[in-house]
Amino acid sequence: MNLLYINDRHGEYPNSWYAATAEPNRPFPELKGERRAEVCVVGGGFTGLSTALHLALAGLDVALVEAHRVGFGASGRNGGQVCSGYHRDQNYLEKRYGTEFARKLWNVGEDAKTLVRTLLSEHGIDATWRDGIARADWTERGARMSQAYVRKLRQEYGYEAVEPLSRDGIRSLVGSGSFRGGMIDWGAGHLHPLRFALGLSRAASTAGARIFERSEVLRLGNGTVMTANGLIRAEQTVLACNGYIGGLSRRVASRIMPVNNFIVATEPLGHRASEILTRDIAVSDSRFVVNYWRLSEDGRLLFGGGESYGFRFPSDIVKLVRKPMLGIYPQLRDVRIDYAWGGTLAITRSRMPDFVRLRPGLWSASGYSGHGVALATIAGRLMAEAISGDRDGFDIMAAVRPAPLPKPAAIRPPLMALAMAWHSLRDRLGV
(Lines give C-alpha, C1' and ligand atoms only; values in the text may rest on other atoms or scores of the structure.)
Protein backbone atom coordinates (compact mmCIF):
# COMPACT_ATOMS: atom_id res chain seq x y z
CA MET A 1 0.00 0.00 0.00
CA ASN A 2 1.21 3.49 -0.85
CA LEU A 3 0.96 5.78 2.18
CA LEU A 4 0.98 8.77 -0.13
CA TYR A 5 -2.56 7.98 -1.28
CA ILE A 6 -4.23 5.51 1.05
CA ASN A 7 -5.63 8.19 3.41
CA ASP A 8 -5.61 11.29 1.20
CA ARG A 9 -6.73 12.62 -2.14
CA HIS A 10 -4.04 13.32 -4.69
CA GLY A 11 -2.79 16.87 -4.51
CA GLU A 12 -5.21 17.99 -1.79
CA TYR A 13 -4.51 19.07 1.77
CA PRO A 14 -6.53 17.29 4.48
CA ASN A 15 -9.60 18.95 5.93
CA SER A 16 -7.70 20.33 8.91
CA TRP A 17 -7.96 23.58 10.83
CA TYR A 18 -4.48 24.34 9.50
CA ALA A 19 -5.57 24.04 5.87
CA ALA A 20 -8.67 26.11 6.60
CA THR A 21 -6.60 28.96 8.07
CA ALA A 22 -3.60 29.07 5.73
CA GLU A 23 -3.40 31.03 2.51
CA PRO A 24 -2.44 28.42 -0.09
CA ASN A 25 0.26 28.96 -2.66
CA ARG A 26 -0.55 28.98 -6.31
CA PRO A 27 0.27 25.41 -7.38
CA PHE A 28 3.82 24.78 -8.49
CA PRO A 29 4.04 22.99 -11.85
CA GLU A 30 4.20 19.24 -12.34
CA LEU A 31 7.58 17.89 -13.45
CA LYS A 32 7.43 17.12 -17.16
CA GLY A 33 10.28 16.20 -19.43
CA GLU A 34 13.95 16.10 -18.55
CA ARG A 35 15.66 18.69 -16.34
CA ARG A 36 19.09 19.12 -14.85
CA ALA A 37 20.09 20.41 -11.40
CA GLU A 38 23.08 20.35 -9.15
CA VAL A 39 20.86 18.97 -6.37
CA CYS A 40 17.46 17.28 -6.50
CA VAL A 41 15.45 17.19 -3.26
CA VAL A 42 12.71 14.57 -2.94
CA GLY A 43 9.95 15.67 -0.57
CA GLY A 44 8.31 19.01 0.16
CA GLY A 45 8.04 18.99 3.95
CA PHE A 46 10.21 20.87 6.43
CA THR A 47 13.29 18.77 5.65
CA GLY A 48 13.08 19.18 1.90
CA LEU A 49 12.00 22.82 1.90
CA SER A 50 14.74 23.81 4.34
CA THR A 51 17.31 21.91 2.27
CA ALA A 52 16.18 23.58 -0.94
CA LEU A 53 16.11 27.02 0.66
CA HIS A 54 19.59 26.76 2.14
CA LEU A 55 21.07 25.31 -1.04
CA ALA A 56 19.50 28.05 -3.13
CA LEU A 57 20.74 30.74 -0.75
CA ALA A 58 24.23 29.22 -1.12
CA GLY A 59 23.99 29.68 -4.89
CA LEU A 60 23.38 26.07 -5.93
CA ASP A 61 20.96 25.05 -8.66
CA VAL A 62 18.33 23.00 -6.83
CA ALA A 63 15.07 21.32 -7.85
CA LEU A 64 12.52 19.94 -5.38
CA VAL A 65 9.86 17.37 -6.27
CA GLU A 66 6.80 16.68 -4.13
CA ALA A 67 4.19 13.98 -4.74
CA HIS A 68 1.27 16.13 -3.53
CA ARG A 69 1.62 19.76 -2.40
CA VAL A 70 4.36 21.34 -0.31
CA GLY A 71 3.57 20.87 3.38
CA PHE A 72 1.13 18.08 2.53
CA GLY A 73 2.48 15.46 4.97
CA ALA A 74 3.32 15.61 8.66
CA SER A 75 4.91 19.05 8.24
CA GLY A 76 1.51 20.63 7.59
CA ARG A 77 -0.53 18.54 10.04
CA ASN A 78 1.41 18.26 13.31
CA GLY A 79 0.93 19.78 16.74
CA GLY A 80 3.12 22.78 15.90
CA GLN A 81 5.41 22.36 18.90
CA VAL A 82 8.99 23.59 18.44
CA CYS A 83 10.61 21.64 21.24
CA SER A 84 14.01 21.73 22.91
CA GLY A 85 16.26 18.77 22.26
CA TYR A 86 15.03 15.36 21.18
CA HIS A 87 12.55 12.68 22.11
CA ARG A 88 15.33 11.38 24.38
CA ASP A 89 16.45 13.71 27.16
CA GLN A 90 19.99 14.70 28.06
CA ASN A 91 20.21 12.09 30.81
CA TYR A 92 19.70 9.35 28.24
CA LEU A 93 22.05 10.95 25.73
CA GLU A 94 24.83 11.37 28.29
CA LYS A 95 24.51 7.77 29.38
CA ARG A 96 24.54 6.43 25.85
CA TYR A 97 26.98 8.76 24.09
CA GLY A 98 28.97 10.43 26.88
CA THR A 99 28.67 13.92 28.31
CA GLU A 100 30.82 15.67 25.72
CA PHE A 101 28.93 14.30 22.74
CA ALA A 102 25.57 14.82 24.46
CA ARG A 103 26.44 18.51 24.74
CA LYS A 104 27.10 18.63 21.01
CA LEU A 105 23.67 17.14 20.42
CA TRP A 106 22.12 19.68 22.78
CA ASN A 107 23.76 22.50 20.85
CA VAL A 108 22.33 21.19 17.57
CA GLY A 109 18.90 21.15 19.19
CA GLU A 110 19.30 24.71 20.40
CA ASP A 111 20.43 25.79 16.94
CA ALA A 112 17.31 24.12 15.53
CA LYS A 113 14.93 26.28 17.57
CA THR A 114 16.91 29.39 16.75
CA LEU A 115 16.82 28.53 13.06
CA VAL A 116 13.02 28.24 13.03
CA ARG A 117 12.62 31.67 14.59
CA THR A 118 15.26 33.16 12.31
CA LEU A 119 13.53 31.83 9.20
CA LEU A 120 10.19 33.20 10.37
CA SER A 121 11.74 36.63 10.86
CA GLU A 122 14.02 36.81 7.82
CA HIS A 123 11.42 35.59 5.35
CA GLY A 124 8.37 37.31 6.83
CA ILE A 125 6.51 34.07 7.54
CA ASP A 126 3.38 34.70 9.61
CA ALA A 127 3.13 31.41 11.48
CA THR A 128 1.97 32.98 14.78
CA TRP A 129 4.91 31.93 16.95
CA ARG A 130 4.20 31.88 20.69
CA ASP A 131 6.58 31.06 23.54
CA GLY A 132 6.22 28.21 25.99
CA ILE A 133 5.74 24.44 26.10
CA ALA A 134 4.73 22.76 29.36
CA ARG A 135 5.17 19.11 30.29
CA ALA A 136 2.35 17.77 32.45
CA ASP A 137 3.21 14.76 34.59
CA TRP A 138 0.55 12.25 35.60
CA THR A 139 2.49 10.80 38.53
CA GLU A 140 4.38 12.06 41.56
CA ARG A 141 7.44 10.18 40.34
CA GLY A 142 7.24 11.89 36.96
CA ALA A 143 6.89 15.28 38.61
CA ARG A 144 10.01 14.67 40.71
CA MET A 145 11.91 13.62 37.60
CA SER A 146 10.85 16.80 35.78
CA GLN A 147 11.98 18.95 38.70
CA ALA A 148 15.34 17.18 38.74
CA TYR A 149 15.67 17.66 34.99
CA VAL A 150 15.02 21.37 35.34
CA ARG A 151 17.84 21.59 37.88
CA LYS A 152 20.14 19.65 35.54
CA LEU A 153 19.48 21.87 32.54
CA ARG A 154 19.93 25.04 34.57
CA GLN A 155 23.03 23.95 36.46
CA GLU A 156 24.88 21.80 33.92
CA TYR A 157 23.77 23.27 30.60
CA GLY A 158 23.21 26.87 31.62
CA TYR A 159 19.69 26.69 30.21
CA GLU A 160 17.70 29.14 32.30
CA ALA A 161 14.48 29.09 30.26
CA VAL A 162 12.97 26.12 32.15
CA GLU A 163 10.96 26.26 35.36
CA PRO A 164 9.58 23.47 37.57
CA LEU A 165 5.85 23.25 38.14
CA SER A 166 4.21 21.99 41.31
CA ARG A 167 0.82 20.32 41.33
CA ASP A 168 -0.84 23.68 41.88
CA GLY A 169 1.42 25.28 39.30
CA ILE A 170 0.48 22.92 36.48
CA ARG A 171 -3.18 23.08 37.43
CA SER A 172 -3.14 26.87 37.28
CA LEU A 173 -1.78 26.67 33.74
CA VAL A 174 -3.78 23.86 32.20
CA GLY A 175 -7.07 24.01 34.06
CA SER A 176 -7.09 20.33 34.92
CA GLY A 177 -6.53 18.53 38.21
CA SER A 178 -5.21 15.41 36.49
CA PHE A 179 -1.53 16.18 36.87
CA ARG A 180 0.95 16.05 39.74
CA GLY A 181 3.45 18.58 38.48
CA GLY A 182 5.73 19.16 35.53
CA MET A 183 7.89 21.82 33.97
CA ILE A 184 7.64 24.63 31.47
CA ASP A 185 10.16 25.55 28.80
CA TRP A 186 9.94 29.19 27.79
CA GLY A 187 12.76 28.70 25.29
CA ALA A 188 10.53 26.45 23.21
CA GLY A 189 7.39 27.52 21.40
CA HIS A 190 4.60 26.67 19.02
CA LEU A 191 3.39 27.82 15.63
CA HIS A 192 1.04 27.16 12.70
CA PRO A 193 2.98 24.41 10.91
CA LEU A 194 1.33 24.61 7.49
CA ARG A 195 1.88 28.37 7.29
CA PHE A 196 5.52 27.73 8.19
CA ALA A 197 5.88 25.12 5.43
CA LEU A 198 4.18 27.33 2.84
CA GLY A 199 6.38 30.23 3.87
CA LEU A 200 9.50 28.11 3.47
CA SER A 201 8.38 27.09 -0.02
CA ARG A 202 7.90 30.71 -1.05
CA ALA A 203 11.27 31.65 0.39
CA ALA A 204 12.97 28.76 -1.41
CA SER A 205 11.31 29.64 -4.70
CA THR A 206 12.26 33.30 -4.34
CA ALA A 207 15.87 32.24 -3.67
CA GLY A 208 15.89 30.33 -6.96
CA ALA A 209 14.85 26.77 -6.11
CA ARG A 210 12.60 25.14 -8.70
CA ILE A 211 9.67 23.38 -7.04
CA PHE A 212 7.51 20.75 -8.72
CA GLU A 213 4.27 19.48 -7.15
CA ARG A 214 2.03 16.49 -7.96
CA SER A 215 5.22 14.72 -9.08
CA GLU A 216 5.67 11.44 -7.21
CA VAL A 217 9.17 10.04 -7.49
CA LEU A 218 8.90 6.46 -8.72
CA ARG A 219 12.53 5.47 -9.02
CA LEU A 220 16.02 6.67 -8.21
CA GLY A 221 18.88 5.92 -10.57
CA ASN A 222 22.54 6.78 -10.40
CA GLY A 223 22.21 10.53 -10.58
CA THR A 224 18.61 10.46 -11.81
CA VAL A 225 15.24 11.05 -10.16
CA MET A 226 12.29 9.75 -12.17
CA THR A 227 8.58 10.57 -11.95
CA ALA A 228 5.73 9.39 -14.17
CA ASN A 229 6.16 12.29 -16.57
CA GLY A 230 9.64 13.65 -15.93
CA LEU A 231 13.24 13.08 -14.98
CA ILE A 232 15.83 15.16 -13.21
CA ARG A 233 19.54 14.52 -13.64
CA ALA A 234 21.40 15.75 -10.58
CA GLU A 235 24.87 15.52 -9.11
CA GLN A 236 23.42 15.19 -5.61
CA THR A 237 20.08 13.84 -4.38
CA VAL A 238 18.44 14.41 -0.99
CA LEU A 239 15.73 12.10 0.33
CA ALA A 240 13.43 14.15 2.55
CA CYS A 241 10.49 11.73 2.68
CA ASN A 242 10.24 10.74 6.36
CA GLY A 243 7.24 8.42 6.84
CA TYR A 244 6.53 8.40 3.11
CA ILE A 245 9.87 6.90 2.03
CA GLY A 246 8.11 3.83 0.62
CA GLY A 247 10.37 1.82 -1.65
CA LEU A 248 12.74 4.61 -2.62
CA SER A 249 15.40 3.40 -0.18
CA ARG A 250 15.31 0.10 1.66
CA ARG A 251 18.22 1.22 3.81
CA VAL A 252 16.26 4.20 5.11
CA ALA A 253 12.99 2.29 5.36
CA SER A 254 14.69 -0.37 7.48
CA ARG A 255 15.30 2.17 10.25
CA ILE A 256 12.08 4.14 10.35
CA MET A 257 8.51 3.14 11.02
CA PRO A 258 5.54 5.18 9.82
CA VAL A 259 3.11 5.97 12.63
CA ASN A 260 -0.26 7.69 12.31
CA ASN A 261 -1.24 10.39 14.78
CA PHE A 262 -4.44 12.38 15.06
CA ILE A 263 -5.68 15.86 16.04
CA VAL A 264 -9.07 17.46 16.56
CA ALA A 265 -10.04 21.13 16.66
CA THR A 266 -13.03 22.11 18.75
CA GLU A 267 -15.43 24.89 18.00
CA PRO A 268 -14.20 28.30 19.28
CA LEU A 269 -14.43 28.15 23.05
CA GLY A 270 -14.98 31.85 23.68
CA HIS A 271 -14.64 32.76 27.37
CA ARG A 272 -14.18 29.07 28.22
CA ALA A 273 -10.75 29.06 26.56
CA SER A 274 -9.18 30.70 29.61
CA GLU A 275 -10.45 27.77 31.71
CA ILE A 276 -8.45 25.36 29.54
CA LEU A 277 -5.17 27.26 29.27
CA THR A 278 -4.51 30.38 31.30
CA ARG A 279 -1.40 31.20 29.25
CA ASP A 280 -0.98 30.91 25.48
CA ILE A 281 1.31 27.91 25.72
CA ALA A 282 1.42 24.41 24.28
CA VAL A 283 1.32 21.32 26.50
CA SER A 284 2.33 17.69 26.21
CA ASP A 285 1.81 15.08 28.88
CA SER A 286 3.91 12.21 30.20
CA ARG A 287 1.94 9.36 28.63
CA PHE A 288 3.94 6.97 26.45
CA VAL A 289 1.37 7.64 23.72
CA VAL A 290 1.59 11.36 24.31
CA ASN A 291 -1.33 13.76 24.42
CA TYR A 292 -0.58 17.33 23.32
CA TRP A 293 -2.67 20.44 23.03
CA ARG A 294 -2.81 24.21 22.68
CA LEU A 295 -5.26 26.94 21.79
CA SER A 296 -5.58 28.22 18.26
CA GLU A 297 -5.53 31.93 17.52
CA ASP A 298 -9.35 31.85 17.21
CA GLY A 299 -9.78 30.17 20.59
CA ARG A 300 -10.24 26.54 19.64
CA LEU A 301 -8.63 23.68 21.51
CA LEU A 302 -6.29 21.81 19.19
CA PHE A 303 -5.86 18.42 20.88
CA GLY A 304 -3.71 15.57 19.61
CA GLY A 305 -3.81 12.02 20.89
CA GLY A 306 -4.03 8.42 19.83
CA GLU A 307 -1.82 6.54 17.41
CA SER A 308 -2.36 3.73 14.94
CA TYR A 309 0.16 1.34 13.46
CA GLY A 310 -1.71 0.02 10.45
CA PHE A 311 -1.74 1.88 7.18
CA ARG A 312 -5.26 3.29 7.21
CA PHE A 313 -6.62 6.05 9.43
CA PRO A 314 -9.50 4.94 11.68
CA SER A 315 -13.01 5.61 10.43
CA ASP A 316 -13.84 7.79 13.44
CA ILE A 317 -10.93 10.06 14.37
CA VAL A 318 -13.17 12.20 16.57
CA LYS A 319 -14.06 9.25 18.77
CA LEU A 320 -10.41 8.20 19.04
CA VAL A 321 -9.15 11.63 20.13
CA ARG A 322 -12.15 12.75 22.15
CA LYS A 323 -11.53 10.03 24.74
CA PRO A 324 -8.12 11.28 25.96
CA MET A 325 -9.30 14.90 25.58
CA LEU A 326 -12.24 14.32 27.92
CA GLY A 327 -10.01 12.39 30.28
CA ILE A 328 -8.19 15.67 30.88
CA TYR A 329 -11.03 18.12 30.26
CA PRO A 330 -14.35 16.43 31.11
CA GLN A 331 -15.97 19.89 31.12
CA LEU A 332 -15.69 19.89 27.31
CA ARG A 333 -18.11 17.00 26.89
CA ASP A 334 -20.68 19.30 25.26
CA VAL A 335 -18.20 21.00 22.91
CA ARG A 336 -18.51 20.47 19.16
CA ILE A 337 -15.58 19.13 17.14
CA ASP A 338 -15.21 21.10 13.91
CA TYR A 339 -12.13 19.43 12.41
CA ALA A 340 -10.46 16.05 12.78
CA TRP A 341 -7.46 14.86 10.80
CA GLY A 342 -4.59 12.41 10.81
CA GLY A 343 -1.01 12.45 9.64
CA THR A 344 1.88 10.07 9.17
CA LEU A 345 5.17 10.71 10.94
CA ALA A 346 8.16 8.41 11.41
CA ILE A 347 9.74 7.02 14.55
CA THR A 348 12.97 5.09 14.99
CA ARG A 349 14.08 2.34 17.32
CA SER A 350 16.12 4.72 19.49
CA ARG A 351 13.73 7.66 18.92
CA MET A 352 16.72 9.62 17.61
CA PRO A 353 16.67 10.94 14.03
CA ASP A 354 18.22 9.04 11.14
CA PHE A 355 20.81 11.10 9.23
CA VAL A 356 22.80 9.18 6.64
CA ARG A 357 24.86 9.58 3.51
CA LEU A 358 23.72 6.46 1.68
CA ARG A 359 26.40 6.70 -0.99
CA PRO A 360 28.36 9.54 -2.59
CA GLY A 361 25.77 11.99 -3.84
CA LEU A 362 22.77 10.53 -1.94
CA TRP A 363 21.70 11.97 1.42
CA SER A 364 18.79 11.39 3.76
CA ALA A 365 17.36 12.67 7.04
CA SER A 366 14.17 11.40 8.67
CA GLY A 367 12.73 9.66 11.74
CA TYR A 368 12.33 12.72 13.98
CA SER A 369 10.04 10.80 16.36
CA GLY A 370 7.69 13.64 17.21
CA HIS A 371 10.25 16.48 17.24
CA GLY A 372 10.15 17.23 13.54
CA VAL A 373 9.34 20.94 13.42
CA ALA A 374 12.73 22.01 14.73
CA LEU A 375 14.81 18.95 13.84
CA ALA A 376 13.58 18.60 10.26
CA THR A 377 14.22 22.28 9.66
CA ILE A 378 17.81 22.11 10.85
CA ALA A 379 18.26 18.78 9.03
CA GLY A 380 17.77 20.70 5.81
CA ARG A 381 20.42 23.22 6.70
CA LEU A 382 22.88 20.55 7.82
CA MET A 383 22.45 18.60 4.59
CA ALA A 384 22.84 21.77 2.55
CA GLU A 385 26.04 22.56 4.44
CA ALA A 386 27.33 19.00 3.95
CA ILE A 387 26.68 19.17 0.22
CA SER A 388 28.53 22.49 0.14
CA GLY A 389 31.53 20.91 1.90
CA ASP A 390 30.96 21.49 5.64
CA ARG A 391 29.95 18.16 7.17
CA ASP A 392 30.56 18.92 10.86
CA GLY A 393 26.93 19.30 11.90
CA PHE A 394 25.67 16.51 9.67
CA ASP A 395 28.30 14.12 11.01
CA ILE A 396 27.26 14.81 14.61
CA MET A 397 23.74 13.70 13.80
CA ALA A 398 24.84 10.79 11.60
CA ALA A 399 26.88 9.41 14.52
CA VAL A 400 23.67 8.54 16.42
CA ARG A 401 22.06 6.68 13.54
CA PRO A 402 19.38 4.32 14.91
CA ALA A 403 19.63 0.55 14.58
CA PRO A 404 17.43 -1.23 12.05
CA LEU A 405 13.92 -2.24 13.04
CA PRO A 406 12.89 -5.91 13.23
CA LYS A 407 12.53 -7.84 9.99
CA PRO A 408 10.39 -8.54 8.10
CA ALA A 409 8.68 -5.16 7.87
CA ALA A 410 5.25 -6.80 7.98
CA ILE A 411 5.69 -7.77 11.65
CA ARG A 412 6.50 -4.23 12.81
CA PRO A 413 2.92 -2.90 13.14
CA PRO A 414 1.67 -5.82 15.29
CA LEU A 415 4.82 -5.69 17.43
CA MET A 416 4.36 -1.96 17.89
CA ALA A 417 0.69 -2.39 18.74
CA LEU A 418 1.62 -4.99 21.37
CA ALA A 419 4.27 -2.69 22.82
CA MET A 420 1.83 0.21 22.91
CA ALA A 421 -0.79 -1.89 24.69
CA TRP A 422 1.83 -2.72 27.33
CA HIS A 423 2.88 0.89 27.78
CA SER A 424 -0.75 2.03 27.88
CA LEU A 425 -1.34 -0.41 30.73
CA ARG A 426 1.70 1.01 32.54
CA ASP A 427 0.34 4.52 32.01
CA ARG A 428 -3.02 3.55 33.55
CA LEU A 429 -1.28 1.91 36.50
CA GLY A 430 0.97 4.92 36.98
CA VAL A 431 4.13 2.83 36.69
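Heads up: the structure comes first, above all this text.
So, here is what we can say about the structure in this document. Since the structure is predicted, the reported quantities are computational estimates derived from the model, not experimental observations.

## Considerations on the overall build of the protein chain
Assigned secondary structure in the protein chain consists of 13 helices and 17 strands. Here the protein chain has a C-alpha radius of gyration of 21 Å; the compact-globule value for 431 residues is 22 Å, and the two agree. A principal-axis box enclosing the C-alpha atoms of the protein chain has dimensions of 60 × 50 × 45 Å. Counting only residues that meet the buried cut, the protein chain has 58% of its 431 residues in that class. Of the contacts made within the protein chain by residues no fewer than 6 positions apart, 77% connect residues no fewer than 24 positions apart.

## A closer look at helix α5 (residues 140-156)
A rise of 1.5 Å per residue sets the reference length of α5, with its 17 residues, at 24 Å; its end C-alpha atoms lie 24 Å apart and thus fit the reference within 8%. Those residues of α5 lying buried are Gly142, Ala143, Ser146, Tyr149, Val150, Lys152 and Leu153. A positive phi of about 65 degrees marks Gly158, the residue just after α5.

## Re empty space enclosed by the protein
Evaluated as defined, the whole model comprises one cavity of 30 Å³ or more. For the largest cavity, the calculated volume is near 30 Å³. Along its surface, the largest cavity is lined by Tyr18, Gly79, Ile263, Tyr292, Trp293, Arg294, Leu302 and Phe303. Listing elements by their share of the lining of the largest cavity, those giving two or more residues are β13 (292-295) and β14 (301-308). At three residues, β13 tops the list of elements feeding residues into the lining of the largest cavity. Class assignment for the residues of the lining of the largest cavity results in six nonpolar, one polar and one charged.

## Side note on the packing of helix α3 (residues 90-97) against α5
When two helices pack together, their arrangement is captured by the angle between the axes and the distance separating the axes. Two elements in contact, α3 and α5, have axes separated by 10 Å at closest approach and are oriented at 65 degrees. Between α3 and α5, the crossing angle belongs to the class labelled roughly perpendicular. Contacts from Gln90, Asn91 and Glu94 in α3 reach Tyr149, Lys152, Leu153 and Glu156 in α5. Considering only residue class, the contact of α3 with α5 consists of two nonpolar, two polar and three charged.

## Considerations on the packing of helix α2 (residues 46-57) against helix α7 (residues 193-207)
Between α2 and α7, whose axes approach to 8 Å, the crossing angle comes to 25 degrees. Comparing the axis directions of α2 and α7 gives the class roughly parallel. The crossing of α2 and α7 is left-handed. Every residue of α7 that contacts α2 at Phe46, Leu49, Ala52, Leu53, Ala56 and Leu57 is listed here: Pro193, Phe196, Ala197, Leu200, Ser201, Ala203, Ala204 and Ala207. Within the contact of α2 with α7, the residues separate by chemical class into 13 nonpolar, one polar and no charged.

## Topic: the pairing of strand β9 (residues 224-227)
Neither face of β9 is left uncovered, since the one carrying Thr224 and Met226 and the one carrying Val225 and Thr227 both have all their residues buried. Sheet topology places strand β8 (residues 217-220) next to β9; three bridges connect them, and they run antiparallel. Bridge pairing links Leu220 to Val225 in β9. Remark: three residues form the turn of the hairpin made by β8 and β9, two consecutive strands paired antiparallel; Gly223 in that turn has positive phi of roughly 85 degrees. Bridge analysis of β9 against strand β10 (residues 230-239) gives three bridges, and the strand direction is antiparallel.

## Considering the pattern of salt bridges
What the rule picks out here adds up to 20 salt bridges. Among the salt bridges present, the one from Glu94 reaches Lys152, with a minimum N-O distance of 2.9 Å. Separated by 58 residues along the polypeptide, Glu94 in helix α3 and Lys152 in helix α5 bring together distant segments of the chain. Assigned by exposure class, Glu94 and Lys152 land together as buried.

## A short note on the state of the cysteines
With the rule as written, the count across this model stands at zero disulfides. Cysteine Cys241 shares no disulfide, and the gap to the nearest cysteine sulfur, in Cys40, comes to 10 Å.

## Observations concerning the packing of aromatic side chains
Scanning the model with the defined rule gives 14 aromatic pairs in all. Aromatic side chains Trp17 and Tyr18 sit 5.8 Å apart centroid to centroid with 65 degrees between the ring planes, which places their arrangement in the edge-to-face category. On the accessibility criterion, Tyr18 (1% relative accessible area) is buried. Here a set of aromatic residues connected by ring pairs shows up, and it is made of Trp138, Phe179, Trp293, Phe303 and Tyr329. When the ring centre of Tyr92 is taken as reference, the NZ or CZ atom of Arg88 above it lies at 4.3 Å. Arg357 extends its terminal NZ or CZ atom over the ring of Trp363, reaching a point 5.7 Å from the ring centre.

Reading guide: rules and limits
Residues numbered from 1 in each chain as written. Predicted model: local features only at pLDDT ≥ 70, side-chain atom pairs only at ≥ 80, totals over all residues. Heavy atoms only, no water. Helix = DSSP H or I, 4+ residues; strand = E, 2+ residues; numbered from the N terminus. Rg over C-alpha atoms; globule rule 2.2 N^0.38 Å. Buried < 20%, exposed > 50% of the residue type's maximum accessible area, 1.4 Å probe, protein only. Contact = heavy atoms within 4.5 Å. Expected span 1.5 Å × (residues − 1). 1 Å grid on protein atoms, 1.4 Å probe; cavity = no way out; pocket = protein on both sides within 12 Å on 5 of 7 lines; lining within 4 Å. Points joined across faces, edges and corners; volume = space filled by probe spheres on them. Nonpolar A, V, L, I, M, F, W, Y, C, P; charged D, E, K, R; others polar. Axes fitted to C-alpha atoms, helices over the stretch in contact; angles between N-to-C directions. Parallel < 35°, antiparallel > 145°, perpendicular 65-115°, else oblique. Left-handed = near helix turned anticlockwise from the far one by under 90°. Pairing = 2+ DSSP bridges. Salt bridge = Lys/Arg side-chain N within 4 Å of Asp/Glu carboxyl O. Disulfide = S-S within 2.5 Å. Phe/Tyr/Trp six-rings, centres within 6.5 Å; stacked < 30°, edge-to-face > 60°. Lys NZ or Arg CZ within 6 Å of the ring centre and 35° of its normal.

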